[in-house]
Amino acid sequence: MAQPLIAVPDDFPSIFRGTPAEERCAGLGTVRVYSARGADDEAELIRRLGGARAAINIRAHARFTERVFAACPELKMISIWGTGTDNIDLESAVRRGVTVSNTPGVNANAVAEHTIALMLAVARRIPKIDREMRAGAWPREMLTQLMGKTLGVFGTGAIGKRVIALGRALGMDVLAWSARGGAAEGARSTPKDEILRSADVVTLHVRLSPETRGFLAAHELSLMKRPSILINTGRGALVERSALLDALGNGVSAGLDVFHDEPLKADDPILTLPNVVLSPHNAGQTPEVIRDGLLRAVENIQNFLRGRPSDVVVAPPA
């Protein structure tokens with residue numbers, strides 16, 4: 001029996017080549033890795049997936065649409081490095097007999113730490129002060145202390161739970177909201193609007209889906225305290241772009257790791273705002289996350305090929 005073909009169509013920038021995960025994957029079948037840019041083009045993605053039974057999805061710019069599934073009938077499994085599924089048409093996957101798995105929790109510590117780092121950088125104005133000092137100034141402006149402030153956490157999965165614990169360690173009072181309902185340890189379960197009205201810092205850890213796109217729009221952002229801080233390490237589209245820009249000009253500061261268009265264009269107005277701290281969607285870019293996440297993504301393929309799929313997001317009916 002021929003070995004299954006496993007495609008990695010979107011290893012750009014490359015993190016897969018030369019790793020223990022690639023070596024382990026080679027033991028499962030024939031591996032085809034593409035480390036050049038191009039998976040964001042649908043026709044090119046289809047070409048790269050051609051003949052593959054399984055695919056490892058590394059970058060969100062590779063979009064698995066209905067047309068992609070229709071053009072790749074041999075594809076039966078997608079293993080995502082990470083947790084986001086907004087680049088995959090999950091309904092089409094089920095219709096076309098494709099199982100989709102991800103790696104929940106692998107990046108939780110790294111993303112939670114980055115969330116707190118952005119929070120502190122905004123509250124203490126570290127990037128601004130650093131720039132001014134390098135220019136010869138000795139700034140003496142007032143800073144924000146987080147101890148005693150209220151932290152509002154939207155989403156209580158692995159990342160949200162870790163953010164709650166870190167926020168509590170800073171001495172913050174933590175409010176939390178989850179689409180699933182129920183309480184999270186260390187936080188008070190609170191309605192969405194009440195969190196927005198009460199929190200000094202709001203942080204987003206909900207998964208992007210049709211229901212959460214524009215999770216914070218003009219109405220929601222208008223409820224936020226002035227001043228307050230918004231942190232987003234989830235997905236850019238969780239916040240309505242025009243409403244975000246309005247809020248950033250009206251008393252809200254932000255720490256952002258994700259954006260509506262990535263990478264940011266040189267003329268994006270967000271680059272000119274002094275009350276925003278930016279990072280390039282790299283909250284989970286640590287050696288530990290890359291190593292453990294890729295190995296788990298390969299393990300999910302191995303389990304699928306053995307008839308025991310793991311970390312399943314969606315699967316066709318048995």
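The structure this text deals with has already been given above.
Before going into details, it helps to say that this report is about the structure given with it. (Residues numbered from 1 in each chain as written. Predicted model: local features only at pLDDT ≥ 70, side-chain atom pairs only at ≥ 80, totals over all residues. Heavy atoms only, no water.)

## A closer look at the sheet that holds strand β9 (residues 201-204)
Strand order in the open sheet formed by 7 strands is β8-β7-β6-β9-β10-β11-β12, and the pairing between neighbours is parallel. The open sheet has two edge strands, β8 (188-189) and β12 (276-278), and neither has a second partner. Note that strand β6 (residues 150-154) and β9 share 4 bridges and pair parallel. Within β9, the residue paired with Val153 across the bridge is Thr203. Along the sheet, helix α7 (residues 158-169) contacts β6, β7 (173-177) and β9; its crossing angle with β6, the most-contacted strand, is approximately 175 degrees. (Pairing = 2+ DSSP bridges. Helix = DSSP H or I, 4+ residues; strand = E, 2+ residues; numbered from the N terminus. Contact = heavy atoms within 4.5 Å. Axes fitted to C-alpha atoms, helices over the stretch in contact; angles between N-to-C directions.)

## Structural notes on the layout of surface pockets
Computed from the structure, the second largest pocket encloses a volume of approximately 550 Å³. Forming the boundary of the second largest pocket are 27 residues, of which Val122, Ala123, Arg125, Ile229 and Ser253 lie nearest the centre. Counting residues per element, the ones that place at least two in the lining of the second largest pocket are α5 (108-123), α6 (126-134), β10 (228-232), β11 (252-256) and β12. Taken together, the residues of the lining of the second largest pocket sort by class into 16 nonpolar, 6 polar and 5 charged. (1 Å grid on protein atoms, 1.4 Å probe; cavity = no way out; pocket = protein on both sides within 12 Å on 5 of 7 lines; lining within 4 Å. Points joined across faces, edges and corners; volume = space filled by probe spheres on them. Nonpolar A, V, L, I, M, F, W, Y, C, P; charged D, E, K, R; others polar.)

## A look at the environment of Arg37
With respect to the helices and strands, Arg37 occurs in the loop between β2 (30-33) and α2 (42-49). Classification of Arg37 by relative accessible area gives exposed; the value is 54%. Expressed as a C-alpha distance, the spacing of Arg37 and Pro13, which sit 24 residues apart in the sequence, is 7.8 Å. The residues touching Arg37, leaving out its near neighbours within four places in the chain, are Phe12, Arg48 and Pro263. (Buried < 20%, exposed > 50% of the residue type's maximum accessible area, 1.4 Å probe, protein only.)

## Quick notes on the sheet that holds strand β4 (residues 77-80)
Taking strand neighbours across the sheet as the criterion, the 6 strands line up as β2-β1-β3-β4-β5-β13 in an open arrangement whose pairing is mixed. In this open sheet, the two strands that pair with only one neighbour each are β2 and β13 (312-314). Across the sheet, the axes of successive neighbouring strands diverge by a mean angle of 25 degrees, strand direction being ignored. Relative to strand β3 (residues 54-57), strand β1 (residues 5-8) runs parallel, the two sharing 2 bridges. Its bridge partner lying in β3, Ala7 is registered against Ala55. The strands touched by α2 within the sheet are β1, β2 and β3, with β2 carrying the most contacts at an inclination of about 160 degrees.

## Some details on the state of the cysteines
A complete count under the given rule lists 0 disulfides for this structure. With no disulfide of its own, Cys25 lies closest to Cys72 among cysteine sulfurs, the gap being 17 Å. Its relative accessible area of 0% is what places Cys25 among the buried residues. Judged by its relative accessible area of 2%, Cys72 falls in the buried class. (Disulfide = S-S within 2.5 Å.)

## Considerations on the pairing of β7
Both β6 and β7 contribute to a ladder of 5 bridges, which runs parallel. Opposite Leu151, over in β7, you have Val174 as the bridge partner. Crossover connection from β6 via α7 to parallel β7: handedness right-handed. Sheet analysis places β7 next to β8, joined by 2 bridges and oriented parallel. Bridge assignment links Ala176 to a residue of β8, and that residue is Ser189. (Right-handed = clockwise from strand over helix to strand, strands pointing away.)

## Side note on the packing of aromatic side chains
Counting across every chain of the model gives 4 aromatic pairs. A ring pair is formed by Trp177 and Phe215, whose centres lie 5.2 Å apart and whose planes are at 55 degrees; its orientation type is tilted. Here the residue Trp177 occupies a position in strand β7, and Phe215 occupies one in the loop between β9 and α9 (218-223), the gap between them amounting to 38 residues. Judged by relative accessible area, Phe215 falls into the buried class, the value being 7%. Among the aromatic residues, those joined into a cluster by ring pairs are Phe154, Trp177 and Phe215. Just above the ring of Phe215 sits the side chain of Lys192; from NZ or CZ to the centre is 3.7 Å. (Phe/Tyr/Trp six-rings, centres within 6.5 Å; stacked < 30°, edge-to-face > 60°. Lys NZ or Arg CZ within 6 Å of the ring centre and 35° of its normal.)

## Some details on helix α11 (residues 287-305)
With 19 residues, α11 extends 27 Å between its outermost C-alpha atoms, agreeing within 8% with the 27 Å of an ideal straight helix rising 1.5 Å per residue. All buried positions along α11 are accounted for by Val289, Ile290, Gly293, Leu294, Leu295, Ala297, Val298, Asn300, Ile301, Gln302, Asn303 and Phe304. Those residues of α11 that are buried lie in contact with β1, α1 (20-26), β3, β4, β5 (99-101) and α5. Once α11 finishes, Gly307 follows within two positions and takes phi at roughly 85 degrees, a positive value. (Expected span 1.5 Å × (residues − 1).)

## Things to note about the pattern of salt bridges
The full count for this structure, using the stated rule, is 16 salt bridges. The partner of Asp292 in a salt bridge is Arg291, and the shortest N-O contact between them spans 2.7 Å. Here Asp292 falls in the partly exposed class, since its relative accessible area comes to 35%. Among the charged side chains, a salt-bridge network with shared partners connects Arg125, Lys128, Glu132 and Glu141. (Salt bridge = Lys/Arg side-chain N within 4 Å of Asp/Glu carboxyl O.)

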